[in-house]
Amino acid sequence: MEDCLAKKMEITVSEAEKRTGRNAMNMQETYTAYLIETRAIESQGEGQCAPMDSLWRRYSEFELLRNYLSVTYPHIVVPPLPEKRADFVWHKLSADNMDPDFVERRRIGLENFLLRVASHPVLCQDKIFYSFLTQEGGWKEMVNETGFQLKADSRLKALNATFRVKNPDKRFTELKHYSDELQSVISHLLRVRARVADRLYGVYKVHGNYGRVFSEWSAIEKEMGDGLQSAGHHMDVYAASIDDILEEEEHYADQLKEYLFYAEALRAVCRKHELMQYDLEMAAQDLTSKKQQCEELATGTVKTFSLKGMTSKLFGQETPEQREAKIKVLEEQIQEGEEQLKSKNLEGRDFVKSAWADIERFKEQKNHDLKEALISYAVMQISMCKKGIQVWTNAKECFSKM
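Residues numbered from 1 in each chain as written. Predicted model: local features only at pLDDT ≥ 70, side-chain atom pairs only at ≥ 80, totals over all residues. Heavy atoms only, no water.

**Section: the nonpolar core**
For the record, the criterion: We call a set of buried Ala, Val, Leu, Ile, Met, Phe, Trp, Tyr and Cys residues a nonpolar core when their side-chain atoms join them within 4.5 Å. Here the term buried applies to any residue with accessible area under 20% of the maximum for its type, exposed to any over 50%, and partly exposed to those in between, with areas from a 1.4 Å probe on protein chains only. Numbering goes from the N terminus for both helices and strands, where a helix is a DSSP run of H or I of at least four residues and a strand is a run of E of at least two. Throughout, a contact is declared for two residues whenever any of their heavy atoms are within 4.5 Å.
If you look at the biggest cluster of nonpolar residues, it comprises 34 residues, and the most contacted ones within it are Leu65, Leu114 and Leu133. Put simply, the parts of the chain that give this core at least two residues each are β1 (9–22), β2 (28–40), α2 (59–72), α3 (100–119), α4 (127–134) and α5 (139–145). When near neighbours in sequence (up to four residues on either side) are disregarded, leucine 114 contacts Ile11, Val13, Ile36, Phe62, Leu65, Phe129, Phe132 and Leu133. Leu190, Ala253, Tyr259 and Ala355 belong to the second-largest nonpolar core, a separate cluster that totals 23 residues.

What follows is the structure, encoded as structure tokens:
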């Protein structure tokens, strides 16, 4: 971790800017660009400050970076991006992806994504990632030159294909089940939070009615007027505070959403391992089949029914020369298949070793982050309740002085 980029460079996404331009279809579009600022830490001596470098990136470029990392490092739980459009929000909060509050929260999420990658022991060393932070022009061309898209397309076809592994790794099966459960639990938690937020919004706003009623009442009372007026003021302030409170709460919800999307990243690693295991089993099956064919040709006995064997019976046996030629071809294919199987076995073992090391790192990070997020959320709820108690305590004092 001492060599990670986050220790050597300050990385911030400092602002967001709404822009208008033309897309690939030459149609007018409005989009948000984000300013990435970086500064080298190493060159900062006493009394000196390294110059700040900056460049602008669109959300689609962040997506391209993450897709590249996911394809290039299939054994790694790649940090997720913040949501493109708001979901699980309380109904008074805008779900528009151009809404300033949402853009600000996404800016924070994009900065968090960059810091996650910069802190990762493997991803932080990637040259494409470093260029993303430091090289504005020509970066997309650099990514495309890696040929990752061809890998992505072939892997996507394979992942979408229906196949069943005969001997699945129990650890990855359990991890896949865990990721499904984690996503389900966090989704439910976010839906509950949104419903609670809606009710809280209503309760707070209704306190504004207390304020109006106390104010109207104060106008017809001489001795009690000042006390009622003051109590009404406390209620108005309380009612108005809910907007800021729930917008702040949305930031804690975003921390939970990150792990909602991390669940998908976990599943992706499991799926890639499943695909590798399937390829290995198919290679082993093909090798066994070729060895059997070779044995049948060498002994002249057919152990299993085949169309080729039926044809031989109907139209006569092959000549010894033909049989020898076929055996020679099969022996070459068997040798090649054995090398391929050995290579796939080695590749599979390396994948499992690397993937499991990263999954253990992820688990440690997840436990720490979710604990901190839930504690912060609880502290905020306590603070909110204390504010409600204080408002009614103030009101009580106002009533007492009447």
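**Some thoughts on the pattern of salt bridges**
Put simply, the rule is: Only one rule defines a salt bridge in this text: a Lys or Arg side-chain nitrogen within 4 Å of an Asp or Glu carboxyl oxygen.
This model, assessed by the stated rule, comprises 25 salt bridges. For arginine 212, the salt bridge identified is with glutamate 216, shortest N-O distance 3.5 Å. Of this pair, arginine 212 and glutamate 216 both sit in helix α7 (residues 170–218), four residues apart, which is roughly one turn of that helix. Judged by relative accessible area, glutamate 216 falls into the partly exposed class, the value being 48%. Among the salt bridges present, the one from lysine 257 reaches aspartate 254, with a minimum N-O distance of 4.0 Å. With lysine 257 and aspartate 254 both in helix α9 (residues 242–299) and three residues apart, the pair spans about one turn of that helix. The network of salt bridges with common partners includes Glu83, Arg105, Asp254 and Lys257.

**Digging into the side chain of arginine 107**
Basically, it comes down to this: Two N or O atoms form a polar contact when they lie within 3.5 Å of each other; inside protein one atom must be a possible hydrogen donor and the other a possible acceptor, and for residues adjacent in sequence the pair counts only when both atoms belong to side chains.
Structurally, arginine 107 can be placed in helix α3. Polar side-chain contacts of arginine 107 include one of 2.5 Å to the backbone oxygen of valine 13. Those residues in contact with arginine 107 that sit more than four places away from it in its chain are Val13, Ser14, Glu15, Ala16 and Tyr34.

**What to know about the packing of α3 against α9**
The condition is simple: Geometry is summarised by axes, namely lines fitted to C-alpha atoms with helices restricted to the contacting stretch, and by angles between N-to-C directions that run from 0 to 180 degrees. An angle counts as roughly parallel when it lies under 35 degrees, as roughly antiparallel when it exceeds 145, as roughly perpendicular when it falls between 65 and 115, and as oblique in every other case. Handedness of a helix crossing follows the sense of rotation of the near helix relative to the far helix, less than a right angle counterclockwise being left-handed and clockwise being right-handed. As a working rule, the residues Ala, Val, Leu, Ile, Met, Phe, Trp, Tyr, Cys and Pro are called nonpolar, Asp, Glu, Lys and Arg charged, and the rest polar, with Gly in that last group.
Running from N to C, α3 and α9 point in directions that differ by 45 degrees, and their axes come no closer than 11 Å. For the element pair α3 / α9, the angle class is oblique. The interaxial crossing formed by α3 with α9 has right-handed handedness. Residues Asp101, Arg105, Ile108, Asn112 and Arg116 of α3 form the contact with α9, whose own contacting residues are Glu247, Glu250, His251, Asp254, Lys257, Glu258, Tyr259 and Tyr262. Here the residues of the contact of α3 with α9 sort into three nonpolar, two polar and eight charged.

**Let's talk about the packing of aromatic side chains**
Heads up, the condition is: Only Phe, Tyr and Trp rings take part, Trp by its six-membered ring, and two of them pair if their centres are within 6.5 Å. Stacked means planes under 30 degrees apart, edge-to-face means over 60, and tilted covers everything else.
In the structure shown here, the tally under the stated rule is twelve aromatic pairs. Taking the centre distance of 5.1 Å and the plane angle of 75 degrees together, the rings of phenylalanine 62 and phenylalanine 132 count as edge-to-face. With phenylalanine 62 in helix α2 and phenylalanine 132 in helix α4, this pair connects stretches of sequence that are 70 residues apart. Of the residues examined, phenylalanine 132 reaches a relative accessible area of 0% and is grouped as buried. Taken together, a centroid distance of 4.2 Å and an interplanar angle of 25 degrees make the contact between tyrosine 204 and tyrosine 238 stacked.

**Details of the sheet that holds β1**
Test applied: Here the rule is simple: two strands pair whenever DSSP picks up at least two bridges between them.
In space, the three strands of this open sheet follow the order β1-β2-β3, with antiparallel pairing throughout. In this open sheet, the two edge strands, each paired with only one partner strand, are β1 and β3 (53–58). Strand after strand, the sheet turns through a mean of 25 degrees between neighbouring axes, direction not considered. The pairing of β2 with β3 spans six bridges and is classified as antiparallel. What sits directly across from isoleucine 36, in β3, is leucine 55.

**Brief notes about the confidence of the model for the protein**
This is how it is decided: Along the chain, pLDDT gives the predictor's confidence residue by residue, from 0 to 100.
Per-residue confidence for the protein averages 86 on the pLDDT scale, and 87% of its residues sit at or above 70. Per-element averaging of pLDDT across the protein places helix α10 (residues 307–315) at the bottom with 49 and α4 at the top with 95.

**Quick notes on α4**
Along α4, the residues that are buried comprise Ile128, Phe129, Ser131, Phe132 and Leu133. Two or three places before isoleucine 128, at the opening of α4, aspartate 126 has a side-chain oxygen 2.8 Å from that residue's backbone nitrogen.

**Looking at the pairing of β2**
The sheet contact formed by β1 and β2 spans 13 bridges and is antiparallel. In the sheet register, alanine 16 faces β2, and the bridge partner there is tyrosine 34.

**With respect to a negative patch on the surface**
Note the following rule: Grouping into patches uses exposed residues only, defined as over 30% relative accessible area, and leaves out salt-bridged ones; the cut-off is 9 Å for like charges and 5 Å for nonpolar side chains (Val, Leu, Ile, Met, Phe, Trp, Tyr). For accessible areas, the Shrake-Rupley method is used with a probe of radius 1.4 Å. Any residue's cover is judged against the shown protein chains and nothing else. The positive count covers Lys and Arg only, the negative count covers Asp and Glu only, and His and the chain ends enter neither. Where a charge lies is defined by one atom per residue type, namely NZ (Lys), CZ (Arg), CG (Asp) and CD (Glu).
On the surface, Glu321, Glu324, Glu331, Glu332 and Glu336 cluster together into a patch of negative charge. Residue position: glutamate 321 is located in helix α11 (residues 320–400). According to the relative accessible area criterion, glutamate 321 is exposed, its value standing at 57%.

**As for the environment of serine 184**
Tracing the backbone shows serine 184 in helix α7. A sequence separation of 79 residues divides serine 184 from alanine 263, and the C-alpha atoms of the two residues are 9.5 Å apart.

**Details of the packing of α2 against α3**
Running from N to C, α2 and α3 cross one another at 30 degrees; their axes reach a closest spacing of 12 Å. One element, α2, and the other, α3, form an angle in the roughly parallel class. For the pair α2 and α3, the sense of crossing is left-handed. Note on element contacts: α3 touches α2 through Arg106, Leu110, Phe113, Leu114 and Val117, opposite Tyr59, Phe62, Leu65, Arg66 and Leu69. A breakdown of the residues in the contact of α2 with α3 according to their chemical character gives eight nonpolar, no polar and two charged.

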